[in-house]
Amino acid sequence: MILWVMAGLLFTPLAWAVLTLLTGFRHGRWISWLGIVLQALVSVGLWAFVTRDGGFYYPLGGWQSPLGIELRVDGLAVTFVLLTAVVAGACGWHASLYLDPEKSWHRYFWPLFWFLWAGLNVVWLGDDLFNLYVGLELISLSAVGLVALGGQAGALRAALRYLLAALLGSLFYLLGVALLYGQFGSLSLSGIAGLLESGDVESVPVVIMVLMLFGLAMKTALFPLHKWLPPAHGIAKSPVSALLSALVVKASFYIAARVWLETGHHMGGYALGQLLGALGGAAVIWGSWLAFRQEKLKQVVAYSSVAQIGYLFLLFPLTWNVSETISVQAQQGMTLQVISHALAKSAMFLAAGNLILSVGSNRVDALAGVSRFLPFSLFSFGLAGVSLMGLPPSGGFAAKWLLLQASLASGQWWWLAVLLFGGLLSAAYVFRVYRASFVEKTDVDEFYHPHRSLEVIPMILALLSLGLGLVAEPVLSVMAISFSEGGGL
Amino acid sequence: MTTGVLLPVLALMTSLLASVVIFALPERMHGVRVLINLGAAGLKLVLVGVMIWGIAQGREYEVAFEMLPGLRFVLRADALSMLFAGLSGVLWLLTTIYAVGYLEDSPNRSRFFGFFSLCVASTTGVALAGNLFTFFLFYEMLTLSTYPLVVHRGTEKALKAGRNYIIYTLTGGAVLLLAIAWLHGLVGDLPFQAGGHFADVEEALHGPLTIIFVLLIAGLGVKAALVPLHGWLPQAMVAPAPVSALLHAVAVVKAGAFGIVRVVFEVYGVSAAHALGLLSGLAVVAAFTIIYGSVRALYQVDLKKRLAFSTISQVSYIVLGLCLLGPVGVAGGLVHLVHQGIMKITLFFCAGNYAETLGIHRIDELDGAGRRMPATSVAFTLGAFGMIGAPPLAGFITKWKMGSGALTVGMDWVVVVLVVSSLLNAAYFLPVVHRLWFAEQRTPWPQERRWGRLETSAWLIWPPMVTTVFLVLAGLLAAMPFSPLNWAGLIVMREVAL
Amino acid sequence: MTPSLLYAFAGVGLCTIGLYGFVRLAHLLRKLLAFNLIGSGVFLVMVGLAQHHNGPDPVPQALVLTGIVVAIAATALAVVLIRRYFHLSGQTTLAEPARGNDEGASQSGEDRQR
């Protein structure tokens, strides 16, 4: 039974990719709707299985590590698989109605979409460092393709910048993995963690961790390596931007977090953790400031992603050499931040796409008067903004609370400033958009009304993000699922 | 005990659901919208009334669930919540009626009334919150739902006022969050408890607790308009009169003051706050705000701005009352929550009437308005006298109780503050009253509208009439059971360990 | 100096040269070549330093093979994008052109369905 679930998660998306490669956009649409439903079912099936039996390691093809590739299915992996099912499903559904079937190049959207989903699942479930590299590359190439899809010179420029940055990041990561193999003779993350715990190995040079984290930080667009993100996320089509901001940047972060949590105690250092946290703090401030200054709506949302990604990197200082409870708190905060940001940012991009479609301009001050024609999309945008600002009862607030508690308990009170000030700065750019929508003077008479479902999807995502704070307990309990007896099949 | 769980939740849901439905209604369905508004307001009043009855009998209503590990969401109805919830329930109904009349022929009414209901839902949540976290949740929700009301008109001035409002309130919210998170990290989740938690707290915590107290008061003080955090309030006067009425009598300002009450009584406890020397500091800040607000009000030419500074001054009476360590003084401060609400809303209703009917915004345009709009002007006069503290109106009861309470505990300087402030109140209210009744109209009204034989629209007359009656009765019948004063006495007896 | 160490040093040298070129050169094709140089450098380091058993170690070899395949795919994608970019804009670098009219929904990538 579990074999089918695993195959369903990893290989069927590839099958959908190939199938949709053979058809046009319209048929691809039908296949993808079926595919999304099936993926959702499989993801829920995995969750049910893990809840019942506990987490486990799954060797692909039956070959054990370190020579074989092992997958690691624990609570965190299941959480991310479910998140992908929700967000990618919503974005795919939105794209099927949003993209113009008449444009011939849109037929390539579906294969790229499915390759992306396959890559994401590979990363969430991965335990083998090199397999993670392959997954990252799959994701990057698909994402670059999606950004470049049918675009003009500006989109291609953004896609090229993205591609070069992603490739550079991957190479640094790969170098780190190679050196790690040289030290330990194993590519399995849990295997290496086990070796470190047992104390068999002498101290590892921190350069390995630095290389890997540098590469992964490049792909996650951590300040100051963030230059590629705003053009790519701002220029791509809205469903693509939503996928990129919500899921793609999280994949490299996920790997970085896994590596740090498993091996950071031995291979990392206090200075490295604080440096990453400081860069994250700088990202929050710089990204929010730039978001406030942008004239185009989607650029505001894109720079907001740069800022929100900064919060994620507070995980590193808050889990290094602290007690178990504090580390768990920080991890829980981070997970909630990832989930709520994924939901809120995808809602924002999808709603922004609707608003731009309707008004015919992508400037922020063109929003005047939209409140009368597309109040629903505007409201979705607003609700998503509440989660970004970290106001209760949204998921963003729950994440902020847990991180505040972790900062206080570990004595690293300087992160409090980042968390609280960051919330205020995000309010600055969110309210700038709200304000633009309340202005009464407008000389635009012609509004285009998008399809009804296009407005419902961002609202659902925004409501999920808003209500995440209220259901944080069940979500965190999924994350906390422990391994089953024996830890293997 | 199922009703016990349901009632607070239902009271909250009436306005939340009303808000959702109103947002979904097309703009043109005015009649249906009015019905939903009034229906929900009435229903909430009934529910609050049932809870008040139950609490008077000694029942308890509480519902809680764990939102995050170690963090609970608690709704609890006790006597103190009912003071605030009752005030907001009654005044919501009246303000809804007023707003329907005021916004007739305005655009964007669905948006306005949707956020209006959300605002009341937040206020009810603030009243019913059972611990600091739940309070904070609804406090921030209040900030978010009042912003669209402040910027409703969409003019440059409105948007600027809204921006300032948000800067002040969200910064205050961040400070409040810091304090709550810090407190939680130190001692865990503290539900509001009669007598507070820190009656015998250890030495080591004295320092952090003092700082946390200052942070809490600062965060709450933004909404409660304690000087120097009051800057947003006069600017927010650019909002339509129903919004000013709601913000300044019921929702925002009172939420801040209510929060300070909760912190002093039910988180720290009066004895602990006194022992740490916090109450004397708070009393000084409150006294300074009272005088400062009144002095600034003297120099205002715009009627609503004068009322705004009067609010800044009057709300600090509540805060000052908390610091009067005896039951009489404290009850006086608490009851001012209700009394000031009723009186100030009357004044704002009247100001709105003058603006809508005659286009009057400045005080020097009020000459002879008494003859043209007698009912409104009577209401204004009585409200003004109530503010000054003339017997037997509601304001007099407050000042008398506070004064005698202060003398009992030996805080004589408070009486001086009360007297000075009453004189200042007279100084800025009496000239207005004089203009209304004794001055001759010299220039034509800026912009007159006629409503047949009535002086103004019926929607706009009845609410101030009703609140005027209330403010007179609250003073006359203060000794009766179920008067606001009596309820405040009940709160002090049950929940404040003095 | 064992052969593996020699490979490792050569790899590091290639990486450095490639990195310098990647950062400093503006022409897109040159950037791509620099990237391939870095890639080769990394593979050399892998072969040189990551040998774990005495004698040939299959794992790094598998890694390098996979890496080469991924690099080919990435290079192919990059070349296609560069060609199309040149065709559309006439430019060979990533420099932003003079600010033209970037307004309108079409420029942001949104198009209305007819």
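Caption draft 1: Examining the overall build of chain C more closely. Scanning chain C for helices and strands turns up three helices and zero strands. In chain C, the succession of α and β elements from N to C terminus is α-α-α. Looking at chain C as a whole, 32% of its 114 residues qualify as buried. Taking all contacts inside chain C whose residues are at least 6 apart in sequence as the whole, residues at least 24 apart take part in 58%.

Caption draft 2: Local environment of the overall build of chain A. When you go through chain A residue by residue, the secondary structure sums to 21 helices and three strands. For 489 residues, the compact-globule estimate of 2.2 N^0.38 gives 23 Å, and chain A sits close to it at 21 Å. By its C-alpha atoms, chain A is 75 × 55 × 40 Å across when sized along the principal axes. Of the contacts formed within chain A by residues at least 6 apart in sequence, a portion of 80% connects residues at least 24 apart.

Caption draft 3: Summary view of the environment of Tyr303 of chain A. Here Tyr303 of chain A lies in helix 13 (residues 297–312). Sequence spacing of Tyr303 of chain A and Gly28 of chain A is 275 residues, and the spatial spacing of their C-alpha atoms is 32 Å.

Caption draft 4: Geometry of the packing of helix 12 (residues 270–293) of chain A against helix 19 (residues 414–438) of chain A. Residues and elements named next belong to chain A. Closest axis-to-axis distance for the helix 12/helix 19 pair is 8 Å, and the angle between their directions is 15°. One element, helix 12, and the other, helix 19, form an angle in the roughly parallel class. Where helix 12 crosses over helix 19, the two elements pack in a sense that is left-handed. Contacts from Gly277, Gly281, Val284, Ile285, Ser288, Trp289, Ala291 and Phe292 of helix 12 reach helix 19 at Trp415, Val418, Gly422, Leu425, Ser426, Ala428, Tyr429 and Arg432.

Caption draft 5: A look at the packing of helix 3 (residues 25–53) of chain A against helix 4 (residues 75–98) of chain A. All names here are of chain A. At a closest axis distance of 9 Å, the pairing of helix 3 and helix 4 adopts a crossing angle of 165°. The orientation of helix 3 relative to helix 4 falls into the category roughly antiparallel. As helix 3 packs across helix 4, the resulting crossing turns out to be left-handed. Counted together, Arg29, Ser32, Trp33, Ile36, Gln39, Ala40, Ser43, Leu46, Trp47 and Val50 of helix 3 and Val78, Val81, Leu82, Ala85, Gly89, Gly92, Trp93 and Ser96 of helix 4 form the full contact between these two elements. Counted by class, the contact of helix 3 with helix 4 contains 11 nonpolar, six polar and one charged residues.

Caption draft 6: Expanded view of the nonpolar core. Among the nonpolar cores identified, the biggest contains 423 residues, and Val147, Ala159 and Ala178 of chain A together with Leu83 of chain B are the most heavily contacted of them. With 23 residues, helix 7 (residues 153–184) of chain A is the single largest residue contributor to this core.

Caption draft 7: Representation of the pairing of strand 1 (residues 61–68) of chain B within the structure. Residues and elements named next belong to chain B. As paired elements, strand 1 and strand 2 (residues 71–77) share seven bridges and run antiparallel to each other. Paired with Glu66 across the bridge in strand 2 is Arg72. Where strand 1 hands over to strand 2, the hairpin turn is made up of two residues, of which Gly70 adopts a positive phi near 85°.

Caption draft 8: View of helix 13 of chain A. Between its first and last C-alpha, helix 13 of chain A extends 24 Å over 16 residues, near the 22 Å set by a 1.5 Å rise per residue. In terms of burial, helix 13 of chain A is largely enclosed, as 16 of its 16 residues are buried.

Caption draft 9: Inspection of the interface of chain C and chain A at higher detail. Facing the 40 residues of chain C at the interface are 45 residues of chain A. Mapped by element, the contributors of at least two residues to the side of chain C that touches chain A are helix 2 (28–49) and helix 3 (58–89) of chain C. Broken down by element, the residue count for the side of chain C that touches chain A peaks at 16 residues, all from helix 3 of chain C. In terms of residue class, the side of chain C that touches chain A is built from 23 nonpolar, 10 polar and seven charged.

Caption draft 10: Broad picture of unusual backbone geometry. Here the bond from Pro392 of chain A into Pro393 of chain A is cis, since omega is 0°, no more than 30 degrees from zero. Residue placement: Pro393 of chain A occurs in the loop between helix 17 (375–389) and helix 18 (395–410). Of note, the amide linkage connecting Val227 of chain B to Pro228 of chain B takes the cis form, showing an omega dihedral of 5°. Along the polypeptide, Pro228 of chain B turns up in the loop between helix 7 (206–223) and helix 8 (232–235). Of note, Asn321 of chain A is a non-glycine position whose phi angle comes to about 60°, a positive value. Relative to the elements of secondary structure, Asn321 of chain A occurs in the loop between helix 14 (315–318) and helix 15 (324–359). Exposure remark for Asn321 of chain A: the 14 C-beta atoms within 10 Å place this residue in the partly exposed category. You will see that Ala225 of chain B, though not glycine, has its phi angle at about 60°, which is positive. Looking at the element boundaries, Ala225 of chain B is found in the loop between helix 7 and helix 8. Ala225 of chain B sits in the buried class, given 28 other C-beta atoms within 10 Å.

Caption draft 11: Region of interest: the interface of chain B and chain A. Counting from both sides, the interface comprises 24 residues of chain B and, opposite them, 26 residues of chain A. Secondary structure elements with two or more residues in the side of chain B that touches chain A: strand 1, helix 5 (132–150) and helix 6 (156–187) of chain B. Tallying contributions element by element places helix 6 of chain B first for the side of chain B that touches chain A, with 13 residues. In terms of residue class, the side of chain B that touches chain A is made up of 15 nonpolar, five polar and four charged.

Caption draft 12: A look at the confidence of the model for chain A. Residue and element names in this part refer to chain A. Overall, the predicted model of chain A reaches an average pLDDT of 88, with 96% of residues at or above 70. Here strand 3 (residues 483–488) stands out as the least confident element of chain A, with mean pLDDT 47; helix 5 (residues 109–125) is the most confident, with 94. Taken together, the stretch residues 485–489 has pLDDT below 50 and engages in six contacts with residues farther than four places along the chain or on a different chain.

Caption draft 13: Here's a closer look at the confidence of the model for chain C. All names here are of chain C. Chain-level pLDDT for chain C is 80 on average; 79% of the residues reach the 70-or-more range. Considering only residues more than four positions removed or in separate chains, one finds that residues 100–109, a stretch of pLDDT under 50, has 23 contacts. Our summary of model confidence lists the complex with pTM equal to 0.91 and ipTM equal to 0.90.

Caption draft 14: Examining the arrangement of the chains more closely. Take the two pairs of chains in contact: the one carrying the most contacts is chains A and C. Considering only C-alpha positions, the minimal separation of the non-contacting chain B and chain C is 25 Å.

Caption draft 15: The environment of Thr51 of chain A, seen in detail. With respect to the helices and strands, Thr51 of chain A occurs in helix 3. Sequence-wise, Thr51 of chain A and Asp74 of chain A are 23 residues apart; in three dimensions their C-alpha atoms are separated by 9.6 Å.

Caption draft 16: Summary view of the environment of Trp445 of chain B. Residue and element names in this part refer to chain B. Tracing the backbone through its elements, the reader meets Trp445 in the loop between helix 18 (412–438) and helix 19 (458–476). For Trp445, a count of 16 C-beta atoms within 10 Å translates into the label partly exposed. The sequence separation of Trp445 and Gly130 amounts to 315 residues, and the corresponding C-alpha distance is 50 Å. In this structure Trp445 touches Leu358, Gly359 and Ile360, once residues within four positions along its chain are discounted.

Conventions we followed
- Residues numbered from 1 in each chain as written.
- Chains lettered and ligands numbered in written order.
- Predicted model: local features only at pLDDT ≥ 70, side-chain atom pairs only at ≥ 80, totals over all residues.
- Helix = DSSP H or I, 4+ residues; strand = E, 2+ residues; numbered from the N terminus.
- Buried ≥ 20, exposed ≤ 12 C-beta atoms within 10 Å, placed from the backbone.
- Contact = placed C-beta atoms within 7 Å.
- Rg over C-alpha atoms; globule rule 2.2 N^0.38 Å.
- Axes fitted to C-alpha atoms, helices over the stretch in contact; angles between N-to-C directions.
- Parallel < 35°, antiparallel > 145°, perpendicular 65-115°, else oblique.
- Left-handed = near helix turned anticlockwise from the far one by under 90°.
- Nonpolar A, V, L, I, M, F, W, Y, C, P; charged D, E, K, R; others polar.
- Core = buried A, V, L, I, M, F, W, Y, C linked by C-beta atoms within 7 Å.
- Pairing = 2+ DSSP bridges.
- Expected span 1.5 Å × (residues − 1).
- pLDDT = per-residue confidence, 0-100.

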